[in-house]
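# Architecture and fold: a report
Below, each chain spelled out in residue letters.
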Amino acid sequence: MKNAHASKKPSLLYLQIADKAIGIIQSRRLQPHDPVPSEGELAKLFGVSRMTSKLALERLVEQGLVYRLPRRGTFLSGPRDGEPYNGVLPSESKALPIEEKKSKQIALIVPHLSDYTSKIIAAAEIEVRKHDCDLILKISKDKDDEDRCLQRLVDGGIDGIVLFPQGRKTCSDQVLRLKLQQFPIVIIDRIFREVQIDCVYHDHYQGSYQMTQYLIEKGHREIGYTTNSIDNITSREERYQGYIQALLDHAIPVKNQYIHFKTVPCNPSRINESDPEQERFIQENPQMTALMCGDDHVAISTLYTALSMGIPVPDKLSIVGFSDIQLSALTPIPLTTVRQDTGQLAQSAFNLLMKRINHSHEKTITIKIQTKIVERKSVL
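Residues numbered from 1 in each chain as written. Predicted model: local features only at pLDDT ≥ 70, side-chain atom pairs only at ≥ 80, totals over all residues. Heavy atoms only, no water.

## Details of the overall build of the protein
- Secondary structure summary: the protein contains 11 helices and 14 strands in total.
- Over its C-alpha atoms the protein spans a radius of gyration of 27 Å, topping by over 25% the 21 Å that the globule rule assigns to 380 residues.
- The principal-axis extents of the C-alpha atoms in the protein amount to approximately 85 × 50 × 35 Å.
- Looking at the protein residue by residue over its 380 residues, the buried ones come to 49%. (Helix = DSSP H or I, 4+ residues; strand = E, 2+ residues; numbered from the N terminus. Rg over C-alpha atoms; globule rule 2.2 N^0.38 Å. Buried < 20%, exposed > 50% of the residue type's maximum accessible area, 1.4 Å probe, protein only.)

Pasting the structure below:
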């Protein structure tokens, strides 16, 4: 009995892999005689032996779903002689149809709901309507939940995904699997440098560089920088690098005491209150005449902190932000900041995604969206 039980395990496993292979064939919308996933690819994707993946492909051969050519690979079968191809896998076609949808469904996953992501969502809705698609919105709670969202969407038959990822050091395993499967996915507002994957993001480096240069052109030389912890978020990292490079290019010394990474993240619900951490930073650096902030929330919090300390803005201290959230124009001293064009971000991302959905296999594309400075009243 024990041996009989053990022999069933690999049998069940290769059947499961065969079913998963069918799912990949359907998700890629392969046409007759297109190559299907190889033994090696299936083994790598699902963590099984090559023998198990070989048995899985042989199962599909037996069903007439695929055929194998020596030294060339495995291919999707075509219709039987005299039988028109209707987009349905042959043989067990009644059980395995590729669903035809009236309109494609596109998912957008964002890591939080804020003024910035709300603008992206609104712009995304406009773009999917242009393509006659439906938008499915997911707000991920954390990194694990992001992976679950991705898997459920793919299992549910979603046509493509635009992902605004959680802060990560590296690309998640789930995103890597989708890339290997050639599933249509576009990353926005982040870069995964260790893997080539389609992405669309604002040019944070150039925006920060230009803002620092703007302050220099206004006559400032004692320019500080403050932000939330970088926390593996490439946008924060690039903004900081843009500030440093602009100082270096203009022969202005980089002073470590003028650079402050907050230990406690800025609380958006309390940005109109004085922040003790920012207060200490400003007190310890009275020579600073301008302060560049990593985002508008930090900038607004710093603005209220300076005013509560009796420091006039911009007469004594100029303060600038990054993002141009709606509140930045409504502060006691309207904030000069860097504007990110969310409409162009969404348009570029969804146009790229539709190319992938329509079987475009050109090399990986990275699109940088330019930013611009919005001048208000916080700089002298």
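## Description of the environment of A18
- Looking at where A18 falls in the secondary structure, it is placed in helix α1 (residues 2-28).
- When the C-alpha atoms of A18 and D144 are compared, they prove to be 27 Å apart, with 126 residues separating the residues in sequence.
- With residues near it in sequence (within four places) discarded, A18 still touches A56, R59 and L60. (Contact = heavy atoms within 4.5 Å.)

## Section: the side chain of H202
- Mapped onto the fold, H202 is located in strand β7 (residues 199-202).
- Reaching out from H202, the side chain makes a polar contact with the side chain of Q340 at a distance of 3.4 Å.
- In contact with H202, not counting residues within four places along its chain, are Y116, D189, Q340, D341, T342, L345, I369 and T371. (Polar contact = N/O pair within 3.5 Å; in protein donor to acceptor, adjacent residues only side chain to side chain.)

## Some details on the confidence of the model for the protein
- Residues with a pLDDT of 70 or more make up 91% of the protein, whose mean pLDDT is 87.
- With pLDDT under 50 throughout, residues 1-10 is counted as low confidence; its partners more than four residues away or in other chains account for zero contacts.
- Note on residues 80-101: pLDDT is under 50 here. Beyond four places in sequence and across chains, it has 35 contacts. (pLDDT = per-residue confidence, 0-100.)

## Comments concerning the sheet that holds strand β9 (residues 259-262)
- Spatially, β9-β8-β10-β11 is the arrangement adopted by the four strands of the open sheet, whose pairing is parallel. In the strand order of this sheet, the two ends are held by β9 and β11 (318-320), each with one partner. Here the average twist between neighbouring strands, direction ignored, is 15°.
- Inspection of the sheet shows strand β10 (residues 290-293) paired to β11 by three bridges, in the parallel sense. Within β11, the position partnered with L291 by the bridge is I319.
- Sitting on the sheet, helix α9 (residues 276-283) is in contact with β8 (223-228), β9 and β10, with an inclination near 170° to β9. (Pairing = 2+ DSSP bridges. Axes fitted to C-alpha atoms, helices over the stretch in contact; angles between N-to-C directions.)

## Re the sheet that holds β7
- Spatial ordering of the open sheet is given by β4-β3-β5-β6-β7-β13, a layout of six strands whose pairing is parallel. Unpaired on one side and paired on the other, β4 (134-139) and β13 (366-369) mark the two borders of the sheet. The mean inter-strand angle of the sheet, taken between neighbouring strand axes irrespective of direction, is 20°.
- With three bridges joining them, strand β5 (residues 160-163) and strand β6 (residues 185-188) adopt parallel strand pairing. Counted as the bridge partner of I161 is I185 from β6.
- Here helix α4 (residues 115-130) sits on the sheet in contact with β3 (105-110), β4, β6 and β7, set at roughly 170° to β3.
- In the packing of helix α11 (residues 342-357) onto the sheet, the strands contacted are β3, β4, β5, β6, β7 and β13, and the crossing angle to β7 comes to about 175°.

## Some words on the packing of α4 against α11
- α11 packs onto α4 with a crossing angle of 45° between their chain directions and a minimal axis gap of 8 Å. The orientation of α4 with respect to α11, classified from their angle, is oblique. Both α4 and α11 take part in a crossing whose hand is right-handed. Seen from α4, the contacting residues are Y116, K119, I120, A123, A124, E127, V128 and K130; seen from α11, they are T342, G343, L345, A346, Q347 and F350. (Parallel < 35°, antiparallel > 145°, perpendicular 65-115°, else oblique. Left-handed = near helix turned anticlockwise from the far one by under 90°.)

## Overview of helix α3 (residues 50-62)
- Along its 13 residues, α3 runs 18 Å from first to last C-alpha, staying within 8% of the 18 Å computed at 1.5 Å per residue.
- Taken as a whole, α3 has its buried residues at T52, S53, A56, L57 and L60. Mapping the buried residues of α3 onto a view down its axis gives an arc of 135°, with all of them on the same face. Those residues of α3 that are exposed and angled more than 90 degrees off the buried face are M51 and E62. (Expected span 1.5 Å × (residues − 1). Arc of directions from axis to C-beta.)

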